[in-house]
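# Residue-level structure breakdown
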Amino acid sequence: TMAESYAARPGLVASGGVKPPLTPLQSECASLLRARQYRSAEIVALFELSSQEARRSRRGARTGDAAGAAASALEAATTLEILGDCAHHTNQHRRAVSFYRRAAARRHVASSSSSSTLGIDVNNPSASSVRSAAEASLLLKISRSLSSLGNIVEASAVLESVRPSSPYRTAAISMTLGGLFAASGRTAEAREAYLDALRRNPYAMEAVEMLAALGGSASMPGAAQGQRGGSRGGTEAEDVCRAAEEGMRARRRAVSEEGMGEGKEVSKEEEEEALLPVRELVSAHFLAHKNQSSSALAQFRRLDREYPDNVFLLLKIATLQLDALDVAGAESTFTRIRRIDEHSADGMDRYGQLLQQRDALPELGRLAADLLDLDDKRPEAWSCLALYHMAREDNDKAIAFVEKAISLDQRHAFAHRLRGQILLAEHRPEHAVVSFFRANEISRDVASYEGLVESYLACDKYKEAICTAKEALMSAPRDPRAITLVGLALSHGPEGRERAKKALRKALTVDPAALRPLLALTDIYASEAEFDACLDLLNGAIEAGGATSASSVACGPGGGHPRKDLLYTKLADIYAVVQNYPEALTRYHAALSMNPDNEDARRGLERLERLMRGVDPDDPDGEDDEEVSEEHEDEDGPHRDEGDSQESARYDHYG
């Protein structure tokens, strides 16, 4: 109960060895806090604090009454902690910090006053500066309030006083410290804090996720020793497993001792039984963060068969399907997640990107509205809004919404990556580099590397692009997207064409249906006037069913939807260059029949029609160009507005 949380504090006793109970008014405050009546609890607590101060003034200082002074200080500390809780829950974080600090000081004084009773040697420099679990709990509350104010460094400094060797260190303190260290870039300290949390609670699954993200460059059990991850610079999966097993053994000992105290015997099977497959979960997370998507996906699917309809596992599977470029499978898994738990917001912005990429704007609009209704303090809702307006080519609104998402969660990698994509679309590659770099710091995935390489190329920074592409390849050596990045970067260099061709051919060998390396290789052949090679490459891909697999999606940072129409558009472009106008005309119409919104095919068709009429296609004042533009505008313009108006109306009040 709330009363027990304030009264049952180990480490400090009054005279006679009995813990002082809550006063009647403190009990009423605890009852009000349970009912979330924070204003009422605050008013009552202020009256209680005044009464305590008045009693202390009337009583005065009594020489030698250490126990009475300790009890008085403890009583005041409890009231101040209640006031701090009221302030914290009403987002008055500076006020909360003030109350918590005063409460912690009183508890510290009370511990010092009762040091002889407690057996605490306050002069022993090796003794912990934190003298009770209650004081440690207050420091945790101070840290959380400071973190809410954005004072990350100060918040971590407060908790660092509760050393790992302290008997009052808890899993909650270690988890909070891990998050603060990660936010301030202290990666090594963050790893140690999360490992400590697992030793205290082996089922702290968030610690496993964070350790995999922070140590994703480290080697996996059984991985080749020659790989880059073989260094001890990061955390290995085995380190995490050992920490979790250590925590399990500690828990089993505690359960066994408790059972023996109650006259119960704990069987050997019960002692050795793990409640969850922690080792398998750790392995799957590390595989995923090492960009070994297929192995991680197989591991999570095995867990999914054992624990069906588990939203946590399904979200991991959907994310890995996206990383493996299985767009159809990912969308099916996201749909399944929504069917099981329609109020889950985790990862829904990635689902929104899938909807945007196949131009399903009504569905994307509904998803954004649902997420806003669910919780407008989560970044996923605002990222979906940014995707919606990006699809409508309203980049001003898109950038405003994605910055709102980032302000809600500075470590939301998807939002940083999306901001980079919008800035690239706005032809601001120098600013896009910053966003993609931040996304890559948070999560070293291929999508953020793609954005970095494209941004560097747009800035004509070929050396940086090549170095980044090679780093992506080291991170994911078997990912066709990473291999393609190397080819793209090399193709822009003055002497890298042959090496670029080799890398792009290798990417096509790994995934023959991949569209991005195919188009990049075609562009290289076209720049060298090898048009027959272009035609053979494109016709071969179409005949083989090219661009029908999900790996055809990688047409920009983060990928896209399978687009066979792009192959026909590129083929039509090549036919137009070699002046085979009938074939070009056929291919442009085929592309537009597959995707009426293909702007490249529409512009190519307009240019081709002008050429066939003998009109200069580059003359901006030609009458034919104006007539064709007006015709297509009449056909397509109103259709989009009518299709989107109902969905956009649901949340137009957000800007």
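Rules used in this analysis
- Residues numbered from 1 in each chain as written.
- Predicted model: local features only at pLDDT ≥ 70, side-chain atom pairs only at ≥ 80, totals over all residues.
- Heavy atoms only, no water.
- Helix = DSSP H or I, 4+ residues; strand = E, 2+ residues; numbered from the N terminus.
- Buried < 20%, exposed > 50% of the residue type's maximum accessible area, 1.4 Å probe, protein only.
- Contact = heavy atoms within 4.5 Å.
- Areas by Shrake-Rupley, 256 points an atom, 1.4 Å probe, with all protein chains shown as cover.
- Expected span 1.5 Å × (residues − 1).
- Salt bridge = Lys/Arg side-chain N within 4 Å of Asp/Glu carboxyl O.
- Phe/Tyr/Trp six-rings, centres within 6.5 Å; stacked < 30°, edge-to-face > 60°.
- Axes fitted to C-alpha atoms, helices over the stretch in contact; angles between N-to-C directions.
- Parallel < 35°, antiparallel > 145°, perpendicular 65-115°, else oblique.
- Nonpolar A, V, L, I, M, F, W, Y, C, P; charged D, E, K, R; others polar.

## Here's the deal with the overall build of the chain
- Scanning the chain for helices and strands turns up 33 helices and 0 strands.
- With 655 residues in all, the chain has 48% of them scored as buried.
- Taking as baseline every contact in the chain between residues at least 6 positions apart, the subset at least 24 positions apart corresponds to 58%.
- Carbon and sulfur atoms make up 49% of the accessible area of the chain, which amounts to about 31,000 Å² in all.

## Observations regarding helix H24 (residues 446–458)
- Taking 1.5 Å of rise per residue, 13 residues should cover 18 Å, and H24 covers 18 Å from first to last C-alpha, within 8% of that figure.
- The buried count for H24 comes to 11 of 13 residues, which makes it a mostly enclosed element.
- Buried residues in H24 make contact with helix H22 (413–425), helix H23 (429–442), helix H25 (462–475), helix H26 (480–491) and helix H28 (515–527).
- Within two residues after H24, Asp-460 carries a phi angle of roughly 65°, on the positive side.

## Details of the environment of Leu-521
- The topology assignment puts Leu-521 in helix H28.
- Each C-alpha atom of the pair Leu-521 and Arg-497 lies 9.8 Å from the other, and the pair is 24 residues apart in sequence.

## A word on the pattern of salt bridges
- One pass over the structure, following the stated rule, counts 39 salt bridges.
- Between Glu-42 and Arg-95 there is a salt bridge, and its shortest N-O distance comes to 2.8 Å. Taken together, the residues Glu-42 in helix H3 (residues 38–59) and Arg-95 in helix H5 (residues 93–113) connect sequence positions 53 residues apart.
- For Asp-309, the salt bridge goes to Arg-336, with nearest N and O atoms at 3.1 Å.

## Describing the packing of aromatic side chains
- Summed over all chains, the structure comprises 2 aromatic pairs.
- On the numbers, 5.4 Å between centres and 25° between planes, the contact of Phe-334 with Tyr-351 is stacked. Of this pair, Phe-334 sits in helix H17 (residues 327–340) while Tyr-351 sits in helix H18 (residues 348–357), and the two are 17 residues apart along the sequence.
- The class of Phe-334 is buried, set by a relative accessible area of 0%.

## Considerations on the packing of H24 against H26
- Axis separation between H24 and H26 bottoms out at 10 Å; the angle between their running directions is 10°. The orientation of H24 relative to H26 falls into the category roughly parallel. Every residue of H26 that contacts H24 at Val-446, Ala-447, Tyr-449, Glu-450, Val-453 and Leu-457 is listed here: Arg-481, Ala-482, Leu-485, Leu-488 and Ala-489.
- A breakdown of the residues in the contact of H24 with H26 according to their chemical character gives 9 nonpolar, no polar and 2 charged.

## Points about unusual backbone geometry
- The phi dihedral of Asp-309 is positive, around 60°, even though this residue is not glycine.
- Among the structural elements, Asp-309 can be located in the loop between helix H15 (293–306) and helix H16 (311–323).
- A positive phi angle, close to 65°, is found at Asp-460, a residue other than glycine.
- Along the chain, the position of Asp-460 falls in the loop between H24 and H25.
- Residue classification places Asp-460 among the exposed positions, given a relative accessible area of 53%.

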